[in-house]
Amino acid sequence: MHALRFYEREGLFANPVRRLSNGRRIYHEEDLEWLAICTRLRSSGMPLAMIRQYIDLVRRGPGNERERLEVLRRHEHHVEAQIRELQETLEVMRYKVRIYEDHLARGEADRLWNPSHRDTARTGTGQECRPPEGA
């Protein structure tokens, strides 16, 4: 319910939310469909200002489809960049997990690099920090 009111308060529904005579809101299927899209846009990092820009174009009706497409394409590129960054992060995390698994399996976990202990910092390979080239 909180999300519904947030999106309504922010003016992000395609159509005004209808109300009964007692003030109770009535949400129709198209409201909920738009809310699902809007929620996805937000969760993908689309700023409220960009969602407002898109919904304003939708409200104006036919004739601005190219502008709508441009808004969506801009955000698509942003999401693709986020995915690439997350993929790189995932690769580092997987590499670190393999290092820990290997060291633990060999009983050598105490040899993992630790900058707060001079002995391991001097002899450490730094392999815990980043994957080797081409990994």
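Note that the structure is a prediction, hence the values are computed from the model and not measured. (Residues numbered from 1 in each chain as written. Predicted model: local features only at pLDDT ≥ 70, side-chain atom pairs only at ≥ 80, totals over all residues. Heavy atoms only, no water.)

**Student:** Help me understand the pattern of salt bridges, please; the structure alone is not making it clear to me.
**Tutor:** Where charged atoms of side chains with opposite charge meet at close range, the side chains can pair. Using the criterion set out here, one finds eight salt bridges in the structure. Close ionic contact of Glu-8 with Arg-19 constitutes a salt bridge, the shortest N to O distance being 3.1 Å. Here Glu-8 is found in helix α1 (residues 2-9), whereas its partner Arg-19 is found in strand β1 (residues 18-19), with eleven residues between them in sequence. Look at Arg-19 and you get partly exposed, because its relative accessible area is 42%. The salt bridge partner of Arg-25 is Glu-8, with a shortest N-O separation of 2.5 Å. (Salt bridge = Lys/Arg side-chain N within 4 Å of Asp/Glu carboxyl O. Helix = DSSP H or I, 4+ residues; strand = E, 2+ residues; numbered from the N terminus. Buried < 20%, exposed > 50% of the residue type's maximum accessible area, 1.4 Å probe, protein only.)

**Student:** What exactly am I supposed to notice about the side chain of Arg-68 here?
**Tutor:** The residue Arg-68 is located in helix α4 (residues 65-105) in this model. The charged side chain of Arg-68 is buried without a salt bridge, its nearest counter-charge being Glu-65 at 4.1 Å. Of note is the side chain of Arg-68, whose polar atom sits 2.7 Å from the side chain of Asn-64. Those residues in contact with Arg-68 that lie beyond four places of it in its chain are Tyr-54, Leu-57, Val-58, Gly-61 and Pro-62. (Lys, Arg positive; Asp, Glu negative; His and termini not counted. Polar contact = N/O pair within 3.5 Å; in protein donor to acceptor, adjacent residues only side chain to side chain. Contact = heavy atoms within 4.5 Å.)

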